[in-house]
Amino acid sequence: MSVFEELGVMPELCKAVEDLGWTLPTPVQVEAIPLILGGGDVMAAAETGSGKTGAFAIPVLQIVHEALRQRMRPPSAAPAASSASSPGPGRSSKAASASSTAATCSLSADDRDPHVAVSADGRRAQSRNEKSWGGVRGSVGVFAACGGKVYYEVTVNDEGLSRVGWSCRTASLDLGTDKLGFGYGGTGKKSHNRQFDTYGEPFGAGDVIGCLLDCSSGGGGVSFTRNGTPLGPAFSLPPALSNQILYPTICLKNAEVSVNFGAPSGDPPLAHPPPPGYIPLAKAPDAWVLAAPEAGGGGGGAAAAAGAASVRLPVCLILEPARDLAEQTANCIRDFGRHLAAPSLSCGLFVGGVDPGPQLRSLREGVDIVVGTPGRVVDFVESGKIVLDQVRFFVLDEADRLISDNPDVILKLFARLPKGGTGVNRLQVLLFSATLHSPEVRSMADRICVTPTLVDLKGRDAVPETVDHVLIRVDPREDRSWLQSRPQVYTDGCHALDRLDTSSPSPPAETLSEAVKRLKPRLLVRLLESLKCDQALIFCRTNHDCDQLEKYLNGLGAGGGGGGEETGGKGGGGKGVAGGAGVFRGKRESGKENPFSCVVLAGARSVDERRAALSAFKEGDVRFLICTDVAARGLDIRELPYVINMTLPDRSEDYIHRIGRVGRADTLGLAISLVSQVPEKVWYCTVKGLKPWLAPDAANTKTTDKGGHTIWYDERSLLSSIETRLGRPIPAMSEDLTLPPELRERLAAGGEAYGQQRGGGTSKEVSEHLEQIAANVAQLASLEWSVQSSFLRLKQRWQKV
Ligand SMILES: Nc1ncnc2c1ncn2[C@@H]1O[C@H](COP(=O)(O)OP(=O)(O)OP(=O)(O)O)[C@@H](O)[C@H]1O
């Protein structure tokens with residue numbers, strides 16, 4: 001039995017994990033997998049690169065798969081395959097012939113306002129509150145795109161006020177007060193989106209109201225009957241609801257009503273036959289209907305089975321803060337799920353910046369697991385394209401970033417998720433990140449989690465032991481190489497309007513700031529040479545900085561950009577940097593002949609460009625990936641040796657994530673930060689869409705407090721907050737840009753190198769695990785020995801007898 005199986009992971013997922021070459025779960029996987037499988041909400045904080053994706057994806061896949069299996073109908077009752085994929089009108093006749101009863105039709109005890117009482121059989125609702133309305137929804141809903149026509153009846157039992165009709169599961173229970181509900185009230189008004197218009201006639205005690213829903217393709221709608229008399233069309237269904245599910249809904253004020261769904265057994269005969277073409281909801285074909293999660297009782301209800309068999313609605317919603325990360329997570333999920341069958345699971349990627357067409361198509365075919373970025377997901381949810389009625393998991397990966405950037409979206413989505421009452425169907429909320437300790441995270445967790453278990457393996461913001469940190473002090477007062485004109489450095493243009501004083505022994509702040517901008521790229525090139533670095537992730541502060549650095553490196557590598565550096569290094573000595581190719585050779589040939597080949601992964605690039613850049617870098621076709629913080633979180637690039645910070649991030653937690661791109665999966669990595677020793681003026685634009693760097697000669701380069709678009713950036717103070725977070729000072733590289741002696745010696749002693757496995761390949765976790773289980777294995781062996789011996793002894797005795 002594999003260790004993953006010991007954690008309760010099903011064989012198909014263990015096999016996938018084995019395919020990936022994972023022999024042992026990482027510590028966060030050991031802790032989190034059983035907790036999630038056990039049904040609890042989990043907040044997991046574990047260092048970067050420690051396997052958090054597997055820690056949530058594996059158990060989520062298992063539960064989603066189990067839930068879908070349970071909901072699958074026995075083959076004999078299943079509708080024909082052609083009708084199973086989407087609830088389109090074309091299916092209706094076939095579905096209608098497969099009419100198994102929606103036996104779970106009732107008023108829901110879970111989906112109701114607290115002051116509305118529902119009888120045990122779910123056929124009577126009562127509210128004695130005279131001041132406010134209280135509502136209750138039915139447990140079975142109808143696909144607006146099913147093509148059918150359904151009916152249920154409400155008998156008014158007393159003189160109170162009632163409103164009846166249909167609504168989506170996320171609509172207000174105060175029926176008709178939002179865009180998702182359609183009501184008809186006793187005062188003779190129809191209501192939708194808070195608009196109350198005269199309709200039909202008033203009704204009261206003893207009246208029987210028929211609630212009709214026409215989902216036929218020719219543009220159906222909602223209408224009503226009173227005591228069997230049709231009252232005419234009340235509402236047509238807006239296109240935005242075409243993917244939604246509409247549930248019977250009753251809203252009461254000091255009133256009682258009885259409901260009849262027309263079940264062949266359990267309901268009395270309907271008071272009035274449904275109008276021609278309509279069938280009672282309880283007799284609706286399975287493919288038209290879907291049970292709300294709580295009504296399924298573990299997913300086993302007939303209607304639940306029916307709905308799941310006819311259209312696969314998402315069971316899991318995973319949010320990621322960046323498109324690239326969402327794509328990576330979706331790929332991981334597909335890898336993990338590759339051996340799951342009957343049913344196999346489908347994972348859809350929903351990110352912005354790309355044509356929504358394929359995403360919409362995938363939804364029509366059925367998506368079980370939605371992975372996406374907040375913007376696109378909420379957009380699709382609000383327009384009814386993603387239906388959340390069946391969601392069992394809400395996962396926030398890189399939760400702190402999602403919460404700090406999109407708190408409203410998270411709350412909005414959470415409000416639309418079915419909470420599912422208690423037991424196996426309740427919504428599970430999972431929050432994962434390497435930095436999960438902020439007050440914002442705690443307060444969001446209080447709102448969206450139910451007594452979550454905190455998995456916090458190493459305390460606040462632990463950083464992997466596999467990452468070494470060094471810094472390069474950038475001081476243009478000492479290193480004057482920034483005065484050279486070649487190769488040309490492209491700065492951000494912040495000082496385009498300033499007169500620079502390059503001759504003064506104590507230059508003004510603006511001159512020093514410009515000097516930092518010119519010096520850092522030169523130092524970078526010297527650093528890459530010194531380390532013989534042929535693969536690194538290089539973080540810049542802005543999209544524009546990325547573009548400028550790309551231009552500079554490309555200029556060097558292409559051989560014609562700026563020519564060789566005149567002089568290099570402190571004091572003007574040092575070796576020159578050849579402008580052309582061939583300064584050093586990396587281990588990979590393809591596409592890496594250029595020693596400074598680079599691509600950019602930044603928010604301003606298109607999704608396709610970002611995808612191509614990441615893939616070229618991962619494949620080794622280019623040496624350097626220049627990026628903004630959009631790549632700081634989650635990206636998993638195998639055996640990456642170096643991360644270089646051209647500028648420190650202004651949030652210390654971003655440093656933790658940036659450097660977490662190395663030192664992953666027990667591989668050693670080095671994080672190098674170029675830290676300016678003087679303040680640097682940088683762009684800081686508060687006006688959305690304004691890009692002053694595109695015309696720096698005309699831009700307002702005053703600081704933001706004076707109405708301009710710049711700030712002074714002080715990396716020394718940023719460094720000290722990062723060091724406080726790390727709990728130790730970061731050593732500086734020596735002047736010739738070689739590693740500090742202690743790091744060199746340690747690497748040499750262990751025969752180790754950055755980008756390679758720590759300890760020559762036997763991971764610390766493997767050794768620790770072997771140590772931990774050694775005693776148990778010995779005990780097992782001795783038990784086995786005594787069992788075998790006593791069996792033989794018994795056998796001998798038996799033979800003698
Ligand atoms: N049990 C395991 N055995 C071997 N490798 C593993 C295991 N779990 C994860 N990995 C590998 O470790 C690397 C990091 O995993 P993952 O991306 O899940 O880390 P993470 O904790 O989510 O990091 P981050 O905080 O940066 O998002 C991946 O390459 C993954 O394949």
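Analysis parameters
- Throughout, a residue's number is its position along its own chain's written sequence, starting from 1.
- Two thresholds apply to this predicted model, a pLDDT of at least 70 for residue-level local features and 80 or more for giving and counting side-chain atom pairs, whereas whole-chain, interface and lining totals are computed over all residues.
- To obtain the side-chain values, all non-hydrogen atoms of the structure were included, while hydrogens and water were left out.
- UniProt positions are given in the numbering used here, feature names are shortened, and annotations may be inferred rather than shown by experiment.
- Elements are defined by DSSP. Helices are runs of H or I of four residues or more, strands are runs of E of two residues or more, and each kind is numbered from the N terminus.
- Residues are treated as being in contact if the distance between any of their heavy atoms lies within 4.5 Å.
- We call a residue near a molecule or strand when any one of its heavy atoms sits within 4 Å of it.
- We define a polar contact as two N or O atoms separated by no more than 3.5 Å, with the added condition that, inside protein, one atom must be a possible hydrogen donor and the other a possible acceptor, whereas residues neighbouring each other in sequence contribute only through side-chain atom pairs.
- Shrake-Rupley sampling with a 1.4 Å probe provides the accessible areas, and residues are treated as covered by the protein chains on show and by no other component.
- Under the grouping applied here, Gly and all other residues not named as nonpolar or charged are polar, the nonpolar ones being Ala, Val, Leu, Ile, Met, Phe, Trp, Tyr, Cys and Pro and the charged ones Asp, Glu, Lys and Arg.
- In short, DSSP must find at least two bridges between two strands for them to pair.
- Helix axes are fitted to C-alpha atoms over the stretch in contact, other axes to C-alpha atoms as well, and angles between N-to-C directions run from 0 to 180 degrees.
- Partly exposed describes any residue whose relative accessible area lies between the buried limit of under 20% and the exposed limit of over 50%, with all areas from a 1.4 Å probe on protein chains only and scaled to the type maximum.
- Charge counting follows a simple rule: Lys and Arg are positive, Asp and Glu are negative, and His as well as the terminal groups are ignored.
- By salt bridge we mean one thing: a side-chain nitrogen of Lys or Arg within 4 Å of a carboxyl oxygen of Asp or Glu.
- Among the buried residues, those of types Ala, Val, Leu, Ile, Met, Phe, Trp, Tyr and Cys that are joined through side-chain atoms within 4.5 Å form a nonpolar core.
- When the centres of two rings from Phe, Tyr and Trp lie within 6.5 Å, Trp using its six-membered ring, the rings pair. Their planes under 30 degrees apart give stacked, over 60 give edge-to-face, and anything left gives tilted.

The protein chain appears in an unreviewed UniProt entry as DEAD box protein 1 from Astrephomene gubernaculifera. Quoted verbatim from the Sequence similarities (unreviewed entry) field of UniProt, the annotation for the protein chain is "Belongs to the DEAD box helicase family. DDX1 subfamily."

Q: Describe the UniProt feature "domain: DEAD-box RNA helicase Q" (unreviewed entry) in the protein chain, and please don't skip the residues or the numbers.
A: Here, the residues flagged by UniProt with the feature "domain: DEAD-box RNA helicase Q" (unreviewed entry) are residues 2–30. In this annotation, residues 2–30 is assigned 59% helix and 0% strand; the end-to-end C-alpha distance for the span is 13 Å.

Q: Give a detailed account of the environment of V607, specifying residues and quantitative values.
A: Locating V607 in the fold gives a position in helix 15 (residues 607–619). Not counting the four nearest positions on each side in its chain, V607 is found in contact with R323, G352, G353 and V354.

Q: Tell me about the site of the ligand, and please be specific about residues and values.
A: Around the ligand, a shell composed of 19 residues is seen, among which L24, K52, D636, R661 and R664 lie nearest. Between the ligand and Q29, the relevant distance is 2.9 Å, taken from a nitrogen atom to a side-chain nitrogen or oxygen of the residue. A distance of 2.8 Å separates an oxygen atom of the ligand from a polar atom in the side chain of R661. Protein contact buries 86% of the 640 Å² of open area that the ligand shows by itself. Looking at the shell around the ligand, its residues break down into 5 nonpolar, 8 polar and 6 charged.

Q: Got a sec to walk through the sheet that holds strand 27 (residues 598–601)? Specific residues and values, please.
A: Ordered by their spatial adjacency, 6 strands build an open sheet running 25-30-29-26-28-27, and the pairing between neighbours is parallel. Whereas interior strands pair on both sides, the edge strands pair on one side only; in this sheet they are strand 25 (467–474) and strand 27. Within the sheet, the average angular offset between the axes of one strand and its neighbour, ignoring direction, is 20°. Two strands pair when backbone bridges link them, and strand 26 (residues 536–539) and strand 28 (residues 624–627) are joined in this way by 4 bridges, in the parallel orientation.

Q: Which residues make up the side chain of E153, and what values do they have?
A: Following the sequence through the fold, E153 ends up in strand 7 (residues 149–156). Although E153 lies buried, it forms no salt bridge, and the closest oppositely charged side chain, R123, sits 11 Å away as judged by the N-O distance. A polar contact is formed between the side chain of E153 and the side chain of Y151, at a distance of 2.9 Å. With residues up to four places along the chain from it excluded, the contact list for E153 reads V208, I209, G210, S258, V259, N260, L270, A271 and H272.

Q: Got a sec to walk through the pattern of salt bridges? Specific residues and values, please.
A: Note on pairing: side chains with opposite charge can pair once their charged atoms come close. As enumerated under the stated definition, the model contains 37 salt bridges in all. Between D629 and R658 there is a salt bridge; the shortest N-O distance is 2.6 Å. Pair noted here: D629 is in the loop between strand 28 and strand 29 (642–645) and R658 is in helix 16 (residues 652–659), with a separation of 29 residues, a long-range link. Residues R651 and D654 are paired through a salt bridge, measuring 3.3 Å at the closest nitrogen-oxygen approach.

Q: Lay out the nonpolar core in plain terms, naming residues and giving numbers.
A: Grouped together as the largest cluster of nonpolar side chains are 52 residues, with contacts concentrated most on V142, W166, F224 and I250. Top contributing element to this core by residue count: strand 15 (residues 245–253), with 5 residues. Membership of the second largest hydrophobic core comes to 42 residues, among which are V9, A46, F432 and V455.

Q: Could you give me a rundown of the pairing of strand 22 (residues 393–397), with the residues and numbers involved?
A: Most of strand 22 sits inside the fold, with 5 of its 5 residues counted as buried. Pairing of strand 19 (residues 316–319) with strand 22, which is carried by 4 bridges, proceeds in the parallel orientation. Its bridge partner lying in strand 22, C316 is registered against F393. As judged from the 5 bridges shared by strand 22 and strand 23 (residues 428–433), these two strands associate in the parallel manner. When the bridges of strand 23 are listed, F394 appears paired with V429.

Q: Outline the packing of aromatic side chains, supporting the account with residue identities and numerical values.
A: By the definition in use, this model includes 13 aromatic pairs. Between F4 and W22, the aromatic rings sit 6.5 Å apart at their centres with planes inclined by 35°, giving tilted as the arrangement. Of the two residues, F4 is situated in helix 1 (residues 3–6) and W22 in the loop between helix 2 (11–19) and helix 3 (27–37); the sequence distance between them amounts to 18 residues. Judged by its relative accessible area of 30%, W22 is partly exposed. Plain terms: the ring middles of Y199 and F224 are 5.9 Å apart, the flat faces sit at 70° to each other, and that makes the pair edge-to-face. Linking Y199 in the loop between strand 11 (195–198) and strand 12 (208–214) with F224 in strand 13 (residues 221–226), this pair joins segments that are 25 residues apart in sequence. Here Y199 and F224 have matching classes, each one buried.

Q: Which residues make up the sheet that holds strand 19, and what values go with them?
A: Spatial strand order, 20-21-19-22-23-1-24: 7 strands in an open sheet with parallel pairing. One side of each edge strand has no neighbouring strand; the edge strands of this open sheet are strand 20 (347–350) and strand 24 (453–456). Taken pair by pair, the neighbouring strands of this sheet meet at an average axis angle of 15°, ignoring direction. The strands touched by helix 12 (residues 439–448) within the sheet are strand 1 (42–45), strand 22 and strand 23, with strand 23 carrying the most contacts at an inclination of about 165°.

Q: Describe unusual backbone geometry, listing the residues and the values that go with them.
A: With an omega of 0°, the peptide bond between A342 and P343 qualifies as cis. Residue P487 is bonded to the preceding R486 through a cis peptide linkage, with omega at -5°. Position of P487 relative to the elements: it lies in the loop between strand 25 and helix 13 (509–531). Non-glycine residue N193 carries a positive phi angle of around 50°. Its place among the elements puts N193 in the loop between strand 10 (189–192) and strand 11. We classify N193 as partly exposed; its relative accessible area is 38%. For R194, which is not a glycine, the phi torsion comes out positive at approximately 70°.

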